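Results of the structural survey
Here are the chains, one letter per residue:
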Amino acid sequence: QVQLVESGGGLVQAGGSLRLSCAASGGAFISYAMGWFRQVPGKEREFVAGINWNGGRSNYADSVKDRFTISRDNAKNTVYLLMNSLKPEDTAVYYCAADRREWRASVTVSDYHYWGQGTQVTVSS
């Protein structure tokens, strides 16, 4: 079973950038596709970006396309989310997740088997 720990969240002004990291342990990292999701109070968790085991396939939510980039370093067991041109509506708790079906980059919450504890991202206007 893989454990996931997110870091890199914080407070940033609109138009700024942040890079989130998610470190994995306890499992073979290349055996997992990875995803980033976000959630605000009172709303369902939503897909942000996903990447397959070797980085050859990725998906993005329309709301973040061309602003966010997901990547992974399998040597460091870490997945990243680079967030540029941040907007106040990007404010949320961001979660990373692992999917045992490593070949895909699913957009569906229920396809992911393991979750981190989340990191808060707040974008001020």
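The following paragraphs examine the structure supplied in this document.

On to unusual backbone geometry. Within the chain, D66 stands out as a residue other than glycine whose phi angle is a positive 75°. Despite not being glycine, S85 shows a phi value in the positive range, around 50°. Looking at S85, the relative accessible area reads 39%, which means it is partly exposed.

A word on the packing of aromatic side chains. In total, this model carries 5 aromatic pairs according to the counting rule given. Ring plane angle 80° and centroid distance 5.0 Å describe the contact between F37 and Y112, whose orientation is recorded as edge-to-face. In this pair, F37 is assigned in strand β4 (residues 33-39) and Y112 in the loop between β9 (92-99) and β10 (114-115), connecting sequence segments 75 residues apart. The buried category is assigned to Y112, whose relative accessible area is 5%.

With that out of the way, let us pick up the state of the cysteines. Taken as a whole and assessed by the stated rule, the structure comprises 1 disulfide. Across a sulfur-sulfur distance of 1.9 Å, C22 and C96 are joined as a disulfide pair. Highlighted residues: C22 in strand β3 (residues 18-25) and C96 in strand β9, separated in sequence by 74 residues. For C96, a relative accessible area of 0% corresponds to the buried category.

Another point: the pattern of salt bridges. Counting across every chain of the model gives 6 salt bridges. One salt bridge connects E46 with R38, and the closest N-O pair in it is separated by 2.6 Å. With relative accessibility at 37%, the residue E46 sits in the partly exposed group. With a relative accessible area of 6%, R38 lands in the buried category. Shared partners join several salt bridges into a network, and the residues in it are R38, E46, R67 and D90.

Once that is clear, we can look at the environment of P88. Mapped onto the elements, P88 comes out in the loop between β8 (78-83) and β9. Put simply, P88 and G10 are 78 residues apart on the chain and 13 Å apart in space, counted from C-alpha to C-alpha. Excluding residues that lie within four positions of it along the chain, P88 makes contacts with A14, V123 and S125.

Reading guide: rules and limits
Residues numbered from 1 in each chain as written. Predicted model: local features only at pLDDT ≥ 70, side-chain atom pairs only at ≥ 80, totals over all residues. Heavy atoms only, no water. Buried < 20%, exposed > 50% of the residue type's maximum accessible area, 1.4 Å probe, protein only. Phe/Tyr/Trp six-rings, centres within 6.5 Å; stacked < 30°, edge-to-face > 60°. Helix = DSSP H or I, 4+ residues; strand = E, 2+ residues; numbered from the N terminus. Disulfide = S-S within 2.5 Å. Salt bridge = Lys/Arg side-chain N within 4 Å of Asp/Glu carboxyl O. Contact = heavy atoms within 4.5 Å.

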